[in-house]
Amino acid sequence: MQTNFLSQQFNAGFLAENSTACPANATICDGTSCVLPDDNFNQTLSVVLSTVLTIMLALVMFSMGCNVDLKNFLRHIKRPWGIFVGFLCQFGIMPLTAFLLSLAFNVLPIQAVVVMIMGCCPGGTASNVIAYWVDGDMDLSISMTTCSTLLAMGMMPLCLFIYTKMWTDSDAIVLPYDSIGTSLVALVIPVSFGIFVNYKWPSKAKIILKVGSIVGAVLIVLIAVVGGILYRGSWIISPKLWIIGTIFPAAGYTLGFFLARVAGLSWHRCRTVSLETGMQNTQLCSTIVQLSFTPEQLELMFTFPLIYSIFQLLFALLILGGYRLYRRHRVKTKTDVEKTEQIEDSNSNAKINGGFVSDEMK
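Quick caveat: nothing in here was measured; it's all calculated off a predicted structure. (Residues numbered from 1 in each chain as written. Predicted model: local features only at pLDDT ≥ 70, side-chain atom pairs only at ≥ 80, totals over all residues. Heavy atoms only, no water.)

Regarding helix α11 (residues 267–278)
For α11, built from 12 residues, the straight-helix expectation of 16 Å at 1.5 Å per residue is met to within 8% by its first-to-last C-alpha distance of 17 Å. Across the 12 residues of α11, 9 count as buried, placing the element largely inside the fold. Turning to α11, its buried residues are Cys270, Arg271, Thr272, Val273, Ser274, Leu275, Glu276, Thr277 and Gly278. (Helix = DSSP H or I, 4+ residues; strand = E, 2+ residues; numbered from the N terminus. Expected span 1.5 Å × (residues − 1). Buried < 20%, exposed > 50% of the residue type's maximum accessible area, 1.4 Å probe, protein only.)

Structure representation (structure tokens):
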């Protein structure tokens, strides 16, 4: 009896020290991978953080709306060429890219489905914040995010039906229309208030915008950290999904920019379309995945939305850093040219058109 007791103590100690051993309450455990069920702490933390993030997101979108000119916004709605290009990128390029990446890396059918779900999601609100920092067209950015979220109610089922037939029955995927509707309301209402404030009190809107842009940058980082906290458990997924999660957002940014340029959009609108294409609503993707699949299937795919969100943020920061360096170099070069021209004008004593400067030189 004592020998058995010592043996049990040894096994318990070994399991406690072994990092690959799963807890007793694990939903899935194969020795190297486990998924833990939600506990009270995780549920409480999720509710608290979701409330805080929702309030912060509403404030950020309100501040972004303060940078939207009502006339320009309505012009995009009346002449929606930029919105149409964004639509082609969002529901044309991204689902097709997801499909091709899934075929190229020959992932499991259930993993291909989660990649497709990510590719069919509408644009995320973080793109509006990054678009502001890269001097994008905020009127176009807000209108694209709003339209893609609205059109997602019809385009997501259509795209998933077309692309996932070879892997699974599209009826097995549950689309949370309430979550999509909530995202749309959370976007439209604060932005509308921001547009109204900018229309009535433009000087105050500028102050709100500066504060909101800083809060927005903090919010993007906070969402990434919170995502890491709430994805509890220790599981190992296929390295192929890590590779796809790296390539996919980079391809979205690149292809979105080039398609916008081919369509004849200006440079600042090309940057806007690029960000709107590559930055997906990863929270919506996570919701769809959790509603649609069993715990055994989640083991193979659950962390892909988090992987995508990490790399879409990293590439967005690289775009932001590259643009800031380019603008600083361009401003210096432009200043040097203007100084040289001023010296030549003063030496020749030729004052033309009362000092008028053409639009190309501004």
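Let us keep going from here.
Things to note about the UniProt feature "transmembrane region" (unreviewed entry) in the protein chain
In the numbering used here, UniProt assigns the "transmembrane region" (unreviewed entry) feature to residues 45–63, 83–105, 112–134, 140–163, 175–195, 207–229, 241–260 and 306–326. Secondary structure over residues 112–134 splits into 74% helix and 0% strand, and the C-alpha atoms at its two ends are 33 Å apart. Overall, residues 140–163 shows 100% helix and 0% strand. The separation of its end C-alpha atoms is 29 Å. (UniProt positions renumbered as here; feature names shortened; annotations may be inferred.)

Re the nonpolar core
Judged by nonpolar contacts, the single largest core of 40 residues is most densely connected at Val115, Met116, Ile117, Met156, Phe248, Val289 and Phe293. Among the elements of the structure, α4 (81–105), α5 (109–120), α7 (138–163), α10 (239–262), α12 (282–292) and α14 (304–348) are those that each provide at least two residues to this core. If you tally residues by element for this core, the top one is α5, at 9 residues. Core analysis: the next-biggest nonpolar cluster, separate from the first, contains 24 residues, Met64, Phe73, Tyr132 and Ile195 among them. (Core = buried A, V, L, I, M, F, W, Y, C linked by side-chain atoms within 4.5 Å.)

Some details on the packing of α7 against α11
Their axes nearest at 9 Å, the elements α7 and α11 cross at an angle of 30°. By the criterion of interaxial angle, the relationship of α7 to α11 is roughly parallel. By crossing handedness, the relation of α7 to α11 is classed as right-handed. Residue-level contacts link Leu140, Ser141, Met144 and Thr145 of α7 to Arg269, Thr272, Val273 and Glu276 of α11. By residue class, the composition of the contact of α7 with α11 is 3 nonpolar, 3 polar and 2 charged. (Axes fitted to C-alpha atoms, helices over the stretch in contact; angles between N-to-C directions. Parallel < 35°, antiparallel > 145°, perpendicular 65-115°, else oblique. Left-handed = near helix turned anticlockwise from the far one by under 90°. Contact = heavy atoms within 4.5 Å. Nonpolar A, V, L, I, M, F, W, Y, C, P; charged D, E, K, R; others polar.)

A closer look at empty space enclosed by the protein
In total, this model carries 1 cavity of 30 Å³ or more according to the counting rule given. Taken as a whole, the largest cavity holds about 80 Å³ of empty space. Taken together, Ile83, Gly86, Phe87, Gln90, Phe91, Gly123, Met144, Thr145, Cys147, Ser148, Leu151 and Glu276 make up the full set of residues lining the largest cavity. Going through the elements one at a time, α4 and α7 are the ones with two or more residues in the lining of the largest cavity. Per-class residue counts for the lining of the largest cavity are 6 nonpolar, 5 polar and 1 charged. (1 Å grid on protein atoms, 1.4 Å probe; cavity = no way out; pocket = protein on both sides within 12 Å on 5 of 7 lines; lining within 4 Å. Points joined across faces, edges and corners; volume = space filled by probe spheres on them.)

Quick word on the packing of aromatic side chains
The relation between two aromatic rings is expressed through the spacing of the ring centres and the mutual angle of the planes. Within the structure shown, the criterion is met by 9 aromatic pairs. On the basis of an interplanar angle of 50° and a centroid distance of 5.4 Å, the ring pair of phenylalanine 99 and tyrosine 163 is categorised as tilted. Separated by 64 residues along the polypeptide, phenylalanine 99 in helix α4 and tyrosine 163 in helix α7 bring together distant segments of the chain. Aromatic ring contacts, followed pair by pair, group Phe257, Phe258 and Trp267 into a single cluster. Lying across the ring of tryptophan 267, arginine 261 places its NZ or CZ 3.8 Å from the centre. (Phe/Tyr/Trp six-rings, centres within 6.5 Å; stacked < 30°, edge-to-face > 60°. Lys NZ or Arg CZ within 6 Å of the ring centre and 35° of its normal.)

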